[in-house]
Amino acid sequence: MPYAADKDVPRTGAIRTGPPARGASRRGLAGAAALLVTAGTLAACGGDGGAASSLTWYINPDAGGQAEIASRCTEASEGRYTIETAILPRDAASQREQLIRRLAANDASIDLMSLDPPFIPEFAEAGFLAPVPEDVAERVTEDVVESAIEGSTWRDEIVAVPFWANTQVLWYRKSVAEAAGLDMEQPVTWEQIVEAAESQGKLVGAQGARAESLTVWFNALIESAGGSIIVENSENPEDIQLGLDSPEGERATEILQLVAESDAAGSAFSTSTEDSSATGFESENGGFHVNYPFVYPRALGAVEAGTLDASVPEDYAAAVYPRVDEDTEAAPPYGGINLGVGAFSESPELAYEAAECIVEDENQAYYFVSNGNPASATSVYDDEEVLEAFPQAPVIRESLELAAPRPQTPYYNEISVGIQRSYHPPSTADPGSTGEQANELITAVLAKEDLL
Amino acid sequence: MSTTTLPPTKKTAPVSAPKGTTSDRARSERKLAWLLAGPAFLVMLLVTAYPILQATYESLFDYRLTDPDNRSFVGLGNYGVILSDPLWWQSIGITAFITAVTVLVELVLGFALALVMVKALRALRPILRAAILIPYAVITVVSAFAWQFAFDINSGFVNSWFTWLPGVAADTDWFGDRWTSLLVICLAEIWKTTPFISLLLLAGLAQVPEVLQEAAKVDGATRWQRMWRVTIPNMKAAIMVALLFRTLDAFRVFDTIFIMTNGANGTESVSFLAYRQTIARLEIGLGSAVSVLLFLAVVLIAFVFIKGFKVDLAQARGE
């Protein structure tokens, strides 16, 4: 394996210097140090210019799954390429900022990148993604859940490779639902779970912090009510028609307010993120909780680390996302990660080859089981090992089929941040007026007539 | 009782110097001065003037980073958008509030710390100085995280240790409300930058002539009187310079807000607004205009201090 040794060599490109001769002046030492630092920095900036077979994959931070998959694919390539991972910032918005700024400067070091689906149209429209070869597009969309294909599509073309498909489910404590007399075999509504949690003195967890997760929640609510954030999409940002002041928008705001103002919301609801709401669900007050599937391996990990009692995850169960109206099916959030190939990559063919390796079924199954990130390939959900490690897998698959994406537009950031500004804190969102204000704000921002 | 300062020493030209002409020596000294300061001056032009000019130029355009082909000239349009937006004025208000609160508290605390450093036993002085300076050595983002974790409702210790204080309960959500968020932001800023101000004031304290103190003591002045009538008047220049530097710095507050609230609950500062437009929204034109306005605000502050309060930067250096 000719490239295996490469992994141990630091990529600084600095020349190893011997120890300075005895009596060497301090200035000489400082000069050498400065040279070393400069050489290292320059090399880090330039990437591995010459070595075309070294691919850099910009990944979102995870529990180590992507790095493991990278090394598996490096091995499987039998020396044609090596994949090295570079870690992006923690939250989706900062990941986008870093990638977009690098790509705007034609950064050739980005071969592969883990992209959050709502930002894919922006990347595609700006010409930051290398075109997907037709045969690759065909192969990577075979037996893949519909929402993941939709998330990788822009202007009716596949522009990214579906990797893993995330969705939120309704996590609940079996003991709490039972004590409240709530039949979880049937679809439940937000009103029902709030009432049940209040009756038991337990929490309903959701993401009320001013962050992307608030848009995720709001989008799921308005879609579940039968509406949409964008009612009429357009290439021209000024012509985008928003549906926030529609009856469905009002209904979504009612639910936001209902949850945030209920006794079941907990005292830090307006700063609650995916992570802190999962912590709340692990506590003795945990009752119901909408969140991604990572919640389950997170609790198992805590049990292993000795910080959580084993009975807690045993009490966990998952159901499809709560309904807004009793008779209308829920539209759970869709998320996950798709793989993009940088438009300025020096070896896009190899990068697509690597991408195909990364999304292979066994890698998706491994990622699902080890990191709790659900697969986009449907066959993974029949894998015995997956079903054993993740008993909630069938619910996740069902949820993925129902899931609705967030608005697909190159101006997604403006819309999402506008929603966060208007609907945060959720307890003060007013069904009568917030929708109209948000519509006005976002329309003005899209027309570049307002600050954000 | 009046304040006591030493009479200003007049900088007089040597009597022998011929009027209107410069001697060879003066000329060569001037040349040497330019040679010495020149490289620094060039570097300043490169790293300061160039970005400022570029931002000013770009602020006249409607320019989105992902769409460079549709860049168009809009003149002062971006400034119109900003100045007519209530969000801008709200951010100015918040920034001014944070600046005023932190600088005032830091001045009082910093002065107290400087006095402690001056009066401490010689053996203790180095340790004390190092201890006081530690917060200033901490990276702002790290300090912001530390304070955020301390006040966090899930992981923080503040809520459990300080329940005996009125207004603090086990379920107080510090980052869920504007004023409590601002309180924690100000606390973190004060903790971090008080050492800076105390260091500048320490330099000022060292300049107060011992003879004046002794004379005041002989005249029977109390400790308090010596402080107000001798010490403080003699270090006015140092105080003003410390205030000026900290005000300029505080007005650009960003990191702590970014980490703690990410602008939620109306805690956006002007720098944060510039970040949101330029980096998040990728509107380079609009964002540059916000940055230019922030720059002008900072220039105005410096101007008011130097002209309004007659701060003499040279005097503070002991020239």
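Computed from a predicted structure; not experimentally measured.

**Q** Let's hear about the UniProt feature "transmembrane region" (unreviewed entry) in chain B: which residues, and what values?
**A** Residue and element names in this part refer to chain B. According to UniProt, the positions carrying the feature "transmembrane region" (unreviewed entry) are residues 32-53, 87-118, 130-151, 182-206 and 284-306. Across residues 130-151, helical content stands at 91% and strand content at 0%; the span's end C-alpha atoms are separated by 26 Å. Helix makes up 100% of residues 182-206 and strand 0%, with an end-to-end C-alpha separation of 35 Å.

**Q** Lay out helix α3 (residues 86-119) of chain B in plain terms, naming residues and giving numbers.
**A** Here α3(B) spans 49 Å end to end across 34 residues, near enough to the 50 Å set by a 1.5 Å rise per residue. A side-chain oxygen of the first residue of α3(B) lies 2.8 Å from the backbone nitrogen of L87(B); this N-cap is D85(B).

**Q** I'd like to hear about the state of the cysteines, residue by residue, with values.
**A** Put plainly, a disulfide is one covalent bond tying together the sulfur atoms of two cysteines. Residues and elements named next belong to chain A. Taken as a whole and judged by the stated rule, the model has 1 disulfide over all chains. With a sulfur-sulfur separation of 2.0 Å, C73 is cross-linked through a disulfide to C357. Taking the sign of the torsion about the S-S bond as the criterion, the disulfide between C73 and C357, at about -95°, is left-handed. In this pair, C73 sits in helix α2 (residues 65-76) while C357 sits in helix α14 (residues 348-358), placing the two residues 284 residues apart along the sequence. Neither residue differs from the other here; C73 and C357 are each classed as buried.

**Q** I'd like a rundown of the sheet that holds strand β12 (residues 316-319) of chain A, residues and numbers included.
**A** All names here are of chain A. Taken together, 4 strands build an open sheet; the order of strands is β8-β11-β7-β12 and the sheet is mixed. Sheet topology places β8 (203-205) and β12 at the edges, where each strand pairs with a single neighbour. The mean angle between the axes of side-by-side strands here comes to 20°, regardless of whether they run parallel or antiparallel.

**Q** Outline the packing of aromatic side chains, listing residues and values.
**A** Within this structure, the stated rule accounts for 35 aromatic pairs over all chains. Relative to F151(B), the ring of W147(B) has its centre 6.1 Å away and its plane inclined at 15°; by these criteria the two rings are stacked. One end of the pair is W147(B) and the other is F151(B), both in helix α5 (residues 140-151) and 4 residues apart, which spans about a single turn. Three or more aromatic residues joined by ring pairs form one cluster here, namely W171(A), F281(A), Y296(A), Y316(A), F368(A), Y381(A) and F390(A). For R71(B), the ring lying beneath its charged end belongs to Y63(B), and the centroid distance is 4.9 Å.

**Q** Describe in detail the interface of chain B and chain A, supporting the description with residues and values.
**A** Taken together, the 32 residues of chain B in the interface contact 28 residues of chain A. When the two sides are added together, the surface that chain B and chain A hide from each other amounts to roughly 2600 Å², 51% of it contributed by carbon and sulfur. The tally of links between chain B and chain A comes to 6 salt bridges. Summed over the shared surface of chain B and chain A, the result is 15 residue pairs in polar contact (both at pLDDT 80 or more). When contributions to the side of chain B that touches chain A are tallied by element, the ones reaching two or more residues are α2 (77-83), α3, α12 (270-280) and α13 (284-308) of chain B.

**Q** Please give an account of unusual backbone geometry that cites residues and values.
**A** Geometrically, the link from H424(A) to P425(A) is a cis peptide bond, its omega value of -10° lying close to zero. In this structure, P425(A) sits in the loop between α18 (412-423) and α19 (434-446). For D156(A), which is not glycine, the phi dihedral falls at a positive 60°. Along the chain, the position of D156(A) falls in the loop between β4 (153-154) and β5 (157-158). Note on D156(A): relative accessible area 78%, which makes it exposed. Positive phi values are uncommon outside glycine, yet L282(B) reaches one of about 65°. Within the element layout of this structure, L282(B) appears in the loop between α12 and α13.

Conventions and cut-offs
Starting afresh in each chain, residues are numbered from 1 along the sequence in its written order. Each chain gets a letter, beginning with A, and each ligand a number, beginning with 1, in the order they are written. For this predicted model, a pLDDT threshold of at least 70 governs which residues receive local features, and a threshold of 80 or more governs which side-chain atom pairs are given and counted, while totals over whole chains, interfaces and linings are taken from all residues. Each side-chain value is derived from all of the structure's non-hydrogen atoms; neither hydrogens nor water enter the calculation. UniProt positions are given in the numbering used here, feature names are shortened, and annotations may be inferred rather than shown by experiment. Numbering of helices and strands runs from the N terminus; a helix is a DSSP stretch of H or I covering at least four residues, while a strand is a stretch of E covering at least two. Here the expected span of a helix is defined as 1.5 Å times the quantity of residues minus one. Pairs of N or O atoms within 3.5 Å make up the polar contacts considered here, provided that, within protein, one atom can donate a hydrogen while the other can accept it, and that residues adjacent in sequence are counted only when both atoms are side-chain atoms. The rule for a disulfide is simple: a pair of cysteine sulfur atoms within 2.5 Å. Relative accessibility under 20% of the residue-type maximum defines a buried residue, over 50% an exposed one, and the middle range a partly exposed one, all with a 1.4 Å probe and only protein chains included. Paired strands, as defined in this entry, are two strands with at least two bridges between them according to DSSP. Interaxial angle, 0 to 180 degrees, is taken between N-to-C directions of lines fitted to C-alpha atoms, where a helix line uses only the stretch in contact. What counts as a ring pair is set by centres within 6.5 Å for rings of Phe, Tyr and Trp (its six-membered ring), and what kind of pair is set by the plane angle: stacked under 30 degrees, edge-to-face over 60, tilted for all other angles. Criterion for a charge above a ring: Arg CZ or Lys NZ at most 6 Å from the ring centre, at most 35 degrees from the ring normal. In this description, contact between two residues means that some pair of their heavy atoms is separated by no more than 4.5 Å. In this description, buried area is defined as the sum, over both parts, of the accessible area (probe of 1.4 Å) that is lost when the two are combined. By salt bridge we mean one thing: a side-chain nitrogen of Lys or Arg within 4 Å of a carboxyl oxygen of Asp or Glu.

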